[in-house]
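What follows is each chain in one-letter form.
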Amino acid sequence: MGKAKTDKADGRVALPADCRIADLATVKAALEAALSAPAAVLDGGMVERVDTAALQLLAVFRREAAARGVAVEWRGASDVLRDGAARLGLTQTLELPAATPA
Amino acid sequence: MSTVSLAQFHQTFFDESHEGLDAMETALLALDGGGDKELVHGIFRAAHSIKGGAATFGFPDMAAFTHEAESLLDELRDGRRAVDAGIVELLLRSVDCLRGMFARAQAGQPLADAASEALRHELAAVVGRSLAPAAAPARRSDDASTGWAISFRPHQGMLAGGNDALRLLRELGELGELKAEAELDRLPGLGALDPSECHLGWRLELRGDVSRAAVKGVFDWVEDECDLTLEPLPGAEVHHAPAAAAPAAAAAPIAAKAAAREAVAAESSVRVGIDKIDSLINLVGELVITQSMLDTFREDFDASRLEMLQQGLAQLARHTRTLQESVMGIRMLPIASVFNRFPRMVRDLGQKLGKQVRLDLVGEQTELDKTVLEKIGDPLVHLVRNAIDHGLETPDRRRAAGKGDIGTLRLEASHRNGSIVVEISDDGAGLNREAIVAKALQRGLIASGEGMTDEAVADLIFQPGFSTAAVTTDLSGRGVGMDVVRRNVVDLGGSIQIRSVAGQGSVFTITLPLTLAIIDGLTAMVGGEHYIVPLASIVETVQLRGEQLRTVTGGGELFHFRDSWLPVLRLQDAFACGGTRRAIEQGLVVVVEGDGARVGLFVDELVGQQQAVVKSLEANYRRVIGISGATILADGSVALIVDVAGLSRQMTRRRAA
């Protein structure tokens, strides 16, 4: 299972394939680290499973980033991730890209 | 005609109609597989009785609805229309709709709602009549033709409890067109966030012909873990009666909960066969005769008539015992009432998941206590859902595994050694040992999976830690873990076991007591007091020597029992009744099993085995941890009944603290 990784230099966070409540501690740590970079890049292209807790964490992250003036960019978002966000009414909050290029 | 005088018959009408609806559903399912004329007649008769009753007892909405269904059934009966899958589906939906109407009738709510009206029009359209909207019964504010405005605020712990809001909203989205707006006002900062807590809330708009019950149904399992309000969306077709609308809308948030409670209260009646009543009257007659015979001894008694007196007393004892059994029998109902919901559920689930399932029901006439019956429904539903969702494979996977396309799910109830045994077995894939061990390792439930027996591995799925969050959606799909199933069964004084063979399927065996009102128990003395240990939980009684006891740090005592070390629980300490026998040789250790754990209970001595009529301690005094009830002994003194599961739970907590 891929773990969330942050590269401190460019604030890049790759979300794991199983992005659910049980594994969010590492994701949270990675997101916190990403906030210390001038700009953060989220890669959600590998996400195969997602739940409310994960999407809530991402929403909190986006708000925190906005408050601190850290720019956040999506490098990819899987269908699962986008579907979950849409169902929870969080697409706008997360500023997810409309669709990923195939 | 006064409706007040008729109200007393409502419960009977509801009970009978529920049976009628069950019969309709069963017949419709049979019809689905190509049935005969007699089935159609049966369905027609049931619908006709409900229509007649509804009209008589003042439920015009229900009568109007049933009338349309009856018209359609009439055409089927006369052969003017052929039965097809579409018709069966429509009629099954009508049965569901009528059930909803009955639930609302019992809760004193308006009967018709948007969904029922839509279905009524659909039925009419099928028989080639269109109904003028004006002919529809007066709508209430409760009837939203366009849908519901839902405010859903989960409590913080809901996600950690395994209930994913995303899954709930997904289910809700299947009912109609769902628009979700997240409420972000309670979100903390990133540093302060515990990812397992829920701080989100939602304002939802569900558009479509959906009944309140259907919406509530989605939130059934999280009722106590969220704040939920439901209000009908304002729609053009809804005519608000101003006087009635305001209170109804205000009551909406609590209405559903109150309805559920009322429904429970309303259903607490038992319909008893006349033969059972007759045999009771007969027995009471016998008792009176015996008593008058014994009465004659009061006036003149001498030693020569001693034998007659003994005979009379023996007769009295026999009749009392039979009377007791008969009275208990009144509470006994066939398990069919629980089993009957499964054919429909299995059919719907199978269709939804693209699996072919054959359901075998065996032993539906097995009788068990009404209380047990009411509480066993949910765990069984959960196990059946599990079996279809995760046990049985899709047809192509079955073919790949060399099995037939159709999976078999078997529910069997039987009496065994004074208990009820319910088995849920499937011929699916069985439990995935590797996946379970991996999950348990990750959760820290076990240190290593090596050397564990298959039974021990299977048992892991019942562990509370196993079924949190991420795992539950994999294993159950409903967010409620197997630990809840086990707890429900244990609360009923039963136990649950699992056997599974990879590739061949799983068998869940639930063992339940026949009744909760009488238990077989072993009477033990502790510090001069009588305590009763339920026989069902006793494994063995042993006498220990001092050297067999090991003391561990923290004051706990252990002894060796069949390849494992069990803790000793001194009842004199647990219940603070100050026994004098401290040395282990002076008393006995009763090895009991409760909640999956074994404990040795140290008592002074055993008095004997007896049946105890359980009296609720909670109702007469208050709840006491470790005590499940009380009983009156032959000499009039009170003996407390030991709650083995409660004691062992408390012990585990204390050790953990």
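Structure shown above.
Residues numbered from 1 in each chain as written. Chains lettered and ligands numbered in written order. Predicted model: local features only at pLDDT ≥ 70, side-chain atom pairs only at ≥ 80, totals over all residues. Heavy atoms only, no water.

## A short note on the overall build of chain A
No. 1: Helix and strand content of chain A: four helices and six strands.
No. 2: Its helices and strands in sequence order give chain A the pattern β-β-β-α-β-β-α-β-α-α, from N to C terminus.
No. 3: Residues counted as buried form 55% of the 102 residues belonging to chain A.
No. 4: In chain A, the proportion of contacts linking residues at least 24 apart, taken out of those at least 6 apart, comes to 67%. (Helix = DSSP H or I, 4+ residues; strand = E, 2+ residues; numbered from the N terminus. Buried < 20%, exposed > 50% of the residue type's maximum accessible area, 1.4 Å probe, protein only. Contact = heavy atoms within 4.5 Å.)

## A look at the packing of helix α3 (residues 79-87) of chain A against helix α6 (residues 165-173) of chain B
No. 1: It is the contact of α3(A) with α6(B), at a shortest axis distance of 9 Å, that shows an interaxial angle of 75 degrees. Between α3(A) and α6(B), the angle is such that the two are roughly perpendicular. Contacts from A:Asp83, A:Gly84 and A:Arg87 in α3(A) reach B:Leu166, B:Leu169 and B:Arg170 in α6(B).
No. 2: Tallied by class, the residues present in the contact of α3(A) with α6(B) amount to two nonpolar, one polar and three charged. (Axes fitted to C-alpha atoms, helices over the stretch in contact; angles between N-to-C directions. Parallel < 35°, antiparallel > 145°, perpendicular 65-115°, else oblique. Nonpolar A, V, L, I, M, F, W, Y, C, P; charged D, E, K, R; others polar.)

## As for the interface of chain A and chain B
It is common to report an interface's size as the accessible area lost on association of the parts.
No. 1: Facing the 29 residues of chain A at the interface are 29 residues of chain B.
No. 2: Taken over both partners, the interface formed by chain A and chain B buries close to 2,400 Å², and the fraction arising from carbon and sulfur atoms is 63%.
No. 3: Broken down residue by residue, the surface that chain A buries against chain B is led by A:Ile21, A:Gln56 and A:Arg87, which jointly contribute 26%.
No. 4: Across the chain A-chain B interface, the total number found is zero salt bridges. (Buried area = accessible area lost by both parts, 1.4 Å probe. Salt bridge = Lys/Arg side-chain N within 4 Å of Asp/Glu carboxyl O.)

## Regarding the nonpolar core
No. 1: Core analysis: the biggest nonpolar cluster contains 61 residues, and A:Leu81, B:Ile150 and B:Phe152 have the highest contact counts within it.
No. 2: In terms of residues, this core owes the most to one element, helix α2 (residues 52-68) of chain A, which gives nine residues.
No. 3: Other than its neighbours up to four places away in sequence, A:Leu81 contacts A:Leu15, A:Gly44, A:Val47, A:Val50, A:Leu55, A:Leu58, A:Trp74 and A:Leu96.
No. 4: Counting residues in hydrophobic clusters, the runner-up holds 42 residues, among them B:Ile335, B:Phe342, B:Met345 and B:Phe508. (Core = buried A, V, L, I, M, F, W, Y, C linked by side-chain atoms within 4.5 Å.)

## What to know about unusual backbone geometry
Backbone phi values are negative for most residues with the exception of glycine, while trans is the configuration of most peptide bonds.
Residue and element names in this part refer to chain B.
No. 1: Phi angles above zero are rare outside glycine, and arginine 562 is one such case at about 40 degrees.
No. 2: Among the structural elements, arginine 562 can be located in the loop between β16 (557-561) and β17 (564-570).
No. 3: You will see that aspartate 563, though not glycine, has its phi angle at about 70 degrees, which is positive.
No. 4: Within the fold, aspartate 563 resides in the loop between β16 and β17.

## Quick look at the packing of aromatic side chains
Residues and elements named next belong to chain B.
No. 1: As enumerated under the stated definition, the model contains eleven aromatic pairs over all chains in all.
No. 2: Taken together, a centroid distance of 4.9 Å and an interplanar angle of 15 degrees make the contact between tyrosine 531 and phenylalanine 575 stacked. Linking tyrosine 531 in strand β13 (residues 529-534) with phenylalanine 575 in the loop between α19 (571-574) and β18 (588-594), this pair joins segments that are 44 residues apart in sequence. The residues tyrosine 531 and phenylalanine 575 share a single accessibility class, namely buried.
No. 3: Members of the aromatic cluster, each reached through a chain of ring pairs, are Phe13, Phe14, Phe57, Phe59 and Phe102.
No. 4: Sitting over the ring of phenylalanine 44, arginine 77 keeps its end group 3.7 Å from the ring centre. (Phe/Tyr/Trp six-rings, centres within 6.5 Å; stacked < 30°, edge-to-face > 60°. Lys NZ or Arg CZ within 6 Å of the ring centre and 35° of its normal.)

## Some points on the pattern of salt bridges
Residue and element names in this part refer to chain B.
No. 1: Following the criterion strictly, the structure yields 48 salt bridges over all chains and no others.
No. 2: The shortest N-O distance in the salt bridge between glutamate 174 and lysine 352 comes to 3.7 Å. With glutamate 174 in the loop between α6 and β2 (177-183) and lysine 352 in helix α12 (residues 342-353), the pair connects residues that are 178 residues apart, well separated along the chain.
No. 3: The class for lysine 352 is exposed, based on a relative accessible area of 57%.
No. 4: Salt-bridge contacts for glutamate 423 lead to arginine 499; the nearest nitrogen and oxygen are separated by 3.8 Å. Taken together, the positions of glutamate 423 in strand β9 (residues 419-426) and arginine 499 in strand β10 (residues 495-501) put the pair 76 residues apart, joining distant regions of the chain.
No. 5: Residue glutamate 423 is classed as buried on the basis of its relative accessible area of 17%.
No. 6: Assessed through its relative accessible area of 46%, arginine 499 is described here as partly exposed.
No. 7: Connected through shared salt-bridge partners, Asp22, Glu25, Glu89, Asp96, Arg99, Arg344, Arg347 and Asp348 make up one network.

## Brief notes about the sheet that holds β9(B)
All names here are of chain B.
No. 1: Reading across the sheet, the five strands line up as β6-β8-β9-β11-β10 and stay open at both edges, with mixed pairing between neighbours. The two strands at the open ends of the sheet, each matched to only one other strand, are β6 (357-362) and β10. Shown here is a sheet whose adjacent strand axes are inclined to one another by a mean of 15 degrees, direction ignored.
No. 2: Bridging between β6 and strand β8 (residues 407-416) involves six bridges; their strand directions are parallel. Of the residues in β8, the one forming a bridge with leucine 359 is leucine 409. (Pairing = 2+ DSSP bridges.)

## Considering the environment of A:Val41
All names here are of chain A.
No. 1: Looking at the element boundaries, valine 41 is found in strand β4 (residues 39-44).
No. 2: Taking relative accessible area as the criterion, valine 41 reaches 11% and is therefore assigned buried.
No. 3: Spatially, the C-alpha atom of valine 41 lies 4.8 Å from that of glutamate 73, the residues being 32 residues apart in sequence.

## Looking at the pairing of β4(A)
Residue and element names in this part refer to chain A.
No. 1: Burial analysis of β4 places five of its six residues in the buried class, the great majority of the element.
No. 2: Alignment of strand β2 (residues 12-14) against β4, held across three bridges, turns out to be parallel. Its bridge partner lying in β4, alanine 14 is registered against aspartate 43.
No. 3: Relative to strand β6 (residues 71-77), β4 is paired through six bridges, and the arrangement is parallel. Note on β6: the bridge partner recorded for alanine 39 is alanine 71.

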